[in-house]
Amino acid sequence: MSDTSPRLVAFDLDDTLAPSKTAIDPRMGDLLLALADRVEVAIISGGQLQQFKSQVVERLPETDSGLLSHLHLMPTCGTQYYRLSTDGIETVYAHSLTDDEKSRALTAVREEAERLGLWEAEPWGEILEDRGSQITFSALGQSAPLEAKMAWDPTGEKKNSLREAVAARIPDLEVRSGGSTSVDITHRGIDKAYGMQKLAEATGIDLDDMLFVGDRLDPDGNDYPVLAMGVECHAVHGWEDTADYLDALIPTLPERA
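What comes next is a walk through the structure. Just so we're clear, the structure is a prediction, and the values are computed from it rather than from any experiment.

### Here we look at the sheet that holds strand β9 (residues 182-187)
Inference 1: A sheet is described by the order of its strands in space; here four strands give the open sequence β6-β7-β9-β8, paired in antiparallel fashion. Edge strands, defined here as strands with exactly one partner in the open sheet, are β6 (128-130) and β8 (173-177). Averaged over all pairs of adjacent strands, the angle between their axes in this sheet comes to 20°, without regard to strand direction.
Inference 2: Where β8 meets β9, five bridges bridge the pair, whose relative direction is antiparallel. Note on β9: the bridge partner recorded for Leu-173 is His-187.
Inference 3: Lying over the sheet, helix α4 (residues 99-115) contacts β6, β7 (135-138), β8 and β9, oriented at roughly 20° with respect to β7.

Below, the structure is given as structure tokens:
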């Protein structure tokens, strides 16, 4: 970082700001707004916009539009970019997959999951989801309970084997290990590093002046590309860890001029 304080702090969503697919705690809502009162705040996740809305936006404490304007939402790893205003959520851009790319991705991931014995007969909701700019495979279904998801693949071996098999089928697309039970398919070169670069271009804030907070900064994790690109990162283990970190960080940041 070019000085001691970041000008923008970006976060992963699931297991960093909140447990997977669940709403943020009121404590986290207060902390995010307190942080936005001092720096730009971004959320970058493989999740779709609806998750951002239900997990974060709709759970924020009431505040003025001036403060909300400092929040940046980047679903599907930054292939979509939204800002908040008094009128709600405004689209900056959204880059979707073509119908052909979606069809080939959906076919490949289903067939390989079935071949590897990873296709659940009785899932909690849809296993495959078209998120516009991303196809997502959720092994236990979109609405699986957290306990089941945590127990499904604790070593990551199942997800990694599926990711490799699907990647071999559709080499023109990017196939990544996503959340605890998910595999994501996007255009090539799309990961959280792509999202951070887009954020730098949109805000004019240098990557050296950014800080990223995430729970999967290990080499196989979907937060790792941000670390690999040289952005300063802070690893956490769950939202409580993030909250404690923000409690310590926020008082050290200068107030807005």
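After that view of the structure, there is still more to cover.
### What to know about the nonpolar core
Inference 1: Grouped together as the largest cluster of nonpolar side chains are 35 residues, with contacts concentrated most on Phe-11, Leu-32, Leu-35, Leu-60 and Leu-246.
Inference 2: When residues of this core are assigned to their parent elements, the largest contribution, six residues, is made by helix α1 (residues 26-36).
Inference 3: Setting aside chain neighbours within four positions, we find Leu-246 in contact with Phe-11, Met-28, Leu-31, Leu-35 and Pro-251.
Inference 4: Ranked by size, the runner-up nonpolar core spans 21 residues in total, among them Ala-113, Ile-127, Ala-139 and Leu-162.

### Observations regarding the packing of α4 against helix α6 (residues 157-169)
Inference 1: For the pair α4 and α6, interaxial distance at closest approach is 9 Å and the crossing angle is 135°. Taken together, the axes of α4 and α6 are oblique relative to one another. Crossing hand, α4 versus α6: right-handed. Across the interface between the two elements, Thr-107, Ala-108, Val-109, Glu-111, Glu-112, Ala-113 and Arg-115 of α4 pack against Leu-162, Ala-165, Val-166 and Arg-169 of α6.

### Some remarks on the packing of aromatic side chains
Inference 1: For the structure shown, the criterion picks out two aromatic pairs.
Inference 2: Where Trp-119 meets Phe-137, the ring centres are 6.3 Å apart and the plane angle is 45°; that geometry is what we call tilted. Residue Trp-119 is found in the loop between α4 and β6, and its partner Phe-137 is found in strand β7; the two are separated by 18 residues along the sequence.
Inference 3: Its relative accessible area of 23% is what places Trp-119 among the partly exposed residues.
Inference 4: Given the relative accessible area of 1%, Phe-137 is considered buried.
Inference 5: The ring of Tyr-93 has Lys-198 sitting right over it, with the charged end atom 5.9 Å from the ring centre.

### Description of the side chain of Glu-40
Inference 1: The residue Glu-40 is located in strand β2 (residues 40-44) in this model.
Inference 2: One polar contact links Glu-40 to His-70, side chain to side chain, over a distance of 2.6 Å.
Inference 3: A polar atom in the side chain of Glu-40 sits 3.4 Å from the side chain of Arg-256.
Inference 4: Contacts of Glu-40, omitting those with residues within four sequence positions, involve Arg-7, Leu-8, Val-9, Ser-69, His-70, His-72, Arg-83, Ile-205 and Arg-256.

### Concerning the sheet that holds strand β11 (residues 232-235)
Inference 1: Strands sit in the order β5-β4-β3-β2-β1-β10-β11 across an open sheet of seven strands; the sheet is mixed. Strands at the two margins of the open sheet, each flanked by one partner only, are β5 (88-94) and β11. The sheet shows a mean angle of 25° between the axes of neighbouring strands, direction not considered.
Inference 2: As defined by bridge partners, β2 adjoins strand β3 (residues 71-74) across four bridges and the pair is classed as parallel. Residue Ile-43 lies in a different strand from β3, and its bridge partner there is Leu-73.
Inference 3: Sitting on the sheet, helix α7 (residues 192-203) touches β1 (8-11), β2, β3, β4 (80-85), β5 and β10 (210-214), and the angle it makes with β10 is about 145°.
Inference 4: Packing against the sheet, helix α9 (residues 239-249) makes contact with β1, β10 and β11, and its axis sits at approximately 150° to β10.

### Regarding the pairing of β1
Inference 1: Of the two faces of β1, the one carrying Leu-8 and Ala-10 and the one carrying Val-9 and Phe-11 are both buried.
Inference 2: Pairing between β1 and β2: four bridges, direction parallel. From the neighbouring strand, Leu-8 faces β2, where its bridge partner is Glu-40.
Inference 3: Where the polypeptide runs from β1 across α1 and back to β2, its parallel neighbour, the crossover connection is right-handed.
Inference 4: One ladder, built from four bridges, connects β1 with β10; its direction is parallel. Of the residues in β10, the one forming a bridge with Ala-10 is Phe-212.

Conventions we followed
- Residues numbered from 1 in each chain as written.
- Predicted model: local features only at pLDDT ≥ 70, side-chain atom pairs only at ≥ 80, totals over all residues.
- Heavy atoms only, no water.
- Pairing = 2+ DSSP bridges.
- Helix = DSSP H or I, 4+ residues; strand = E, 2+ residues; numbered from the N terminus.
- Axes fitted to C-alpha atoms, helices over the stretch in contact; angles between N-to-C directions.
- Contact = heavy atoms within 4.5 Å.
- Core = buried A, V, L, I, M, F, W, Y, C linked by side-chain atoms within 4.5 Å.
- Buried < 20%, exposed > 50% of the residue type's maximum accessible area, 1.4 Å probe, protein only.
- Parallel < 35°, antiparallel > 145°, perpendicular 65-115°, else oblique.
- Left-handed = near helix turned anticlockwise from the far one by under 90°.
- Phe/Tyr/Trp six-rings, centres within 6.5 Å; stacked < 30°, edge-to-face > 60°.
- Lys NZ or Arg CZ within 6 Å of the ring centre and 35° of its normal.
- Polar contact = N/O pair within 3.5 Å; in protein donor to acceptor, adjacent residues only side chain to side chain.
- Right-handed = clockwise from strand over helix to strand, strands pointing away.

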